[in-house]
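What follows is the residue order along each chain.
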Amino acid sequence: MFNNIIEGAFFTTAISTLDVFLGGVLVGLLITLIEAGLAVVLFPSGRAETSVRTEVIEYFRRKPFPSLLGRVALSALIYFPVYFTFGAIVSPLVIPYYTDPSLGLNLRIPSFEVMIPLEFLRGFLYVVALLPIIAVLRLPKRFLFLSVAALLFVPGAFVPFVAGAPFPLFLRVVHGLEILADSLVYGAALVYILKIK
């Protein structure tokens with residue numbers, strides 16, 4: 001949710017002050033804590049052989065630090081080309097919604113000087129959030145890919161944007177398909193780059 005709030009601050013006029021931004025962050029944190037609590041209650045785990053902390057430390061011991069740092073940097077940097085490619089594909093369909101103020105959608109397109117570092121930051125935040133999951137889950141790569149792609153798409157995009165945004169159905173469907181494609185390609189890239197045997 002935090003990643004979406006950051007993007008919303010630059011791609012909409014709805015998050016126009018620091019107070020609104022911080023309010024969105026706090027509401028997002030509250031929702032995330034409730035979701036996490038429900039996940040623990042609804043899906044209790046059995047007795048684990050090791051802790052998440054131990055597994056993450058072991059993950060970082062498997063490769064030299066420069067190699068891991070390079071993988072993290074590459075994983076963060078690759079987000080922008082994926083994001084931009086699918087955004088460019090749907091842009092002929094969505095630009096009219098961003099450029100017509102009479103629609104009252106509060107949408108805007110930031111300059112490339114803003115967009116490029118913004119999307120690199122968002123890629124880094126995705127890596128920080130997903131790296132422990134990739135490090136800990138002992139799944140075959142295809143199931144890990146589906147898990148990561150689902151985590152990128154469902155809570156990271158579908159719920160807040162497609163299901164909850166006050167946009168016309170057409171815009172939600174087109175952006176929903178765009179974000180699904182982003183999630184599949186970026187999820188595959190993350191698993192390929194970050195999964196260490």
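Cut-off values and rules
- Residues numbered from 1 in each chain as written.
- Predicted model: local features only at pLDDT ≥ 70, side-chain atom pairs only at ≥ 80, totals over all residues.
- Heavy atoms only, no water.
- Helix = DSSP H or I, 4+ residues; strand = E, 2+ residues; numbered from the N terminus.
- Rg over C-alpha atoms; globule rule 2.2 N^0.38 Å.
- Buried < 20%, exposed > 50% of the residue type's maximum accessible area, 1.4 Å probe, protein only.
- Phe/Tyr/Trp six-rings, centres within 6.5 Å; stacked < 30°, edge-to-face > 60°.
- Expected span 1.5 Å × (residues − 1).
- Bend = angle between axes of the 7 residues up to and from the residue.
- Contact = heavy atoms within 4.5 Å.
- Core = buried A, V, L, I, M, F, W, Y, C linked by side-chain atoms within 4.5 Å.
- 1 Å grid on protein atoms, 1.4 Å probe; cavity = no way out; pocket = protein on both sides within 12 Å on 5 of 7 lines; lining within 4 Å.
- Points joined across faces, edges and corners; volume = space filled by probe spheres on them.
- Nonpolar A, V, L, I, M, F, W, Y, C, P; charged D, E, K, R; others polar.
- Arc of directions from axis to C-beta.
- Lys, Arg positive; Asp, Glu negative; His and termini not counted.
- Salt bridge = Lys/Arg side-chain N within 4 Å of Asp/Glu carboxyl O.
- Polar contact = N/O pair within 3.5 Å; in protein donor to acceptor, adjacent residues only side chain to side chain.

Novice: Looking at this structure, how should I read the overall build of the protein chain?
Specialist: Across its full length, the protein chain holds 8 helices and 0 strands. Going residue by residue from the N terminus, the α and β elements of the protein chain occur as α-α-α-α-α-α-α-α. Since a compact globule built from 197 residues should have a radius of gyration of about 16 Å, the 18 Å found for the protein chain is in line with a globular shape. The dimensions of the protein chain, computed from C-alpha atoms along their principal axes, are 60 × 35 × 30 Å. Taken across its 197 residues, the protein chain has 37% of its residues classed as buried.

Novice: How should I be thinking about the packing of aromatic side chains in this particular structure?
Specialist: To describe a pair of aromatic rings, one takes the distance between the centres and the angle between the planes. All told, the structure shown has 11 aromatic pairs when counted by the stated rule. Site record: aromatic cluster; members linked through ring pairs are Phe11, Tyr79, Tyr83, Tyr126 and Tyr186.

Novice: Hey, could you run me through helix 5 (residues 79–99) in this one?
Specialist: Given 3.6 residues per turn, any residue in an α-helix points the same way as the ones three and four places further on. Spanning 21 residues, helix 5 covers only 25 Å between terminal C-alpha atoms, well under the ideal 30 Å at 1.5 Å per step. Along helix 5, the helix axis deviates most sharply at Ser91, where the bend reaches about 75°; the proline Pro92 sits within four residues downstream. Residues of helix 5 that are buried include every one of Tyr79, Phe80, Val82, Tyr83, Phe86, Val90, Val94, Tyr97 and Tyr98, and no others. The secondary structure elements touched by the buried residues of helix 5 are helix 1 (2–11), helix 4 (65–77), helix 6 (112–136) and helix 8 (169–194).

Novice: Just to check I follow, could you spell out the nonpolar core for this structure?
Specialist: Generally speaking, nonpolar side chains in soluble globular proteins are found buried as a group. With 43 residues, the main nonpolar core has Val148, Tyr186, Leu190 and Leu194 as its most contacted residues. Only helix 1, helix 3 (52–61), helix 4, helix 5, helix 6, helix 7 (141–163) and helix 8 provide two or more residues apiece to this core. Those residues within four positions of Leu190 in sequence are excluded, and the remaining contacts are Ser75, Val127, Leu130, Ile134, Val148 and Lys195.

Novice: I keep staring at the layout of surface pockets and nothing clicks. Help me out?
Specialist: Empty space within the second largest pocket amounts to approximately 690 Å³. When contributions to the lining of the second largest pocket are tallied by element, the ones reaching two or more residues are helix 1, helix 2 (18–42), helix 6 and helix 7. Within the lining of the second largest pocket, the residues separate by chemical class into 14 nonpolar, 5 polar and 1 charged.

Novice: It is not clear to me how helix 3 should be interpreted in this structure. Could you clarify?
Specialist: If you check which residues of helix 3 are buried, you get Glu55, Val56 and Tyr59. Down the axis, helix 3 shows its buried residues gathered within 95° of arc, on one side only. In this structure, helix 3 carries Arg53 and Arg61 as exposed residues pointing more than 90 degrees from its buried face. Looking at the buried positions of helix 3, the neighbouring elements they touch are helix 4, helix 6 and helix 8.

Novice: Looking at this structure, how should I read the side chain of Glu178?
Specialist: Note on placement: Glu178 falls in helix 8. The side chain of Glu178 is buried and forms no salt bridge, while Arg122, the nearest opposite charge, is found at 8.6 Å. At 2.5 Å, the side chain of Glu178 forms a polar contact with the side chain of His175. Apart from the residues within four sequence positions on either side, Glu178 is in contact with Tyr83, Phe86, Gly87 and Val90.

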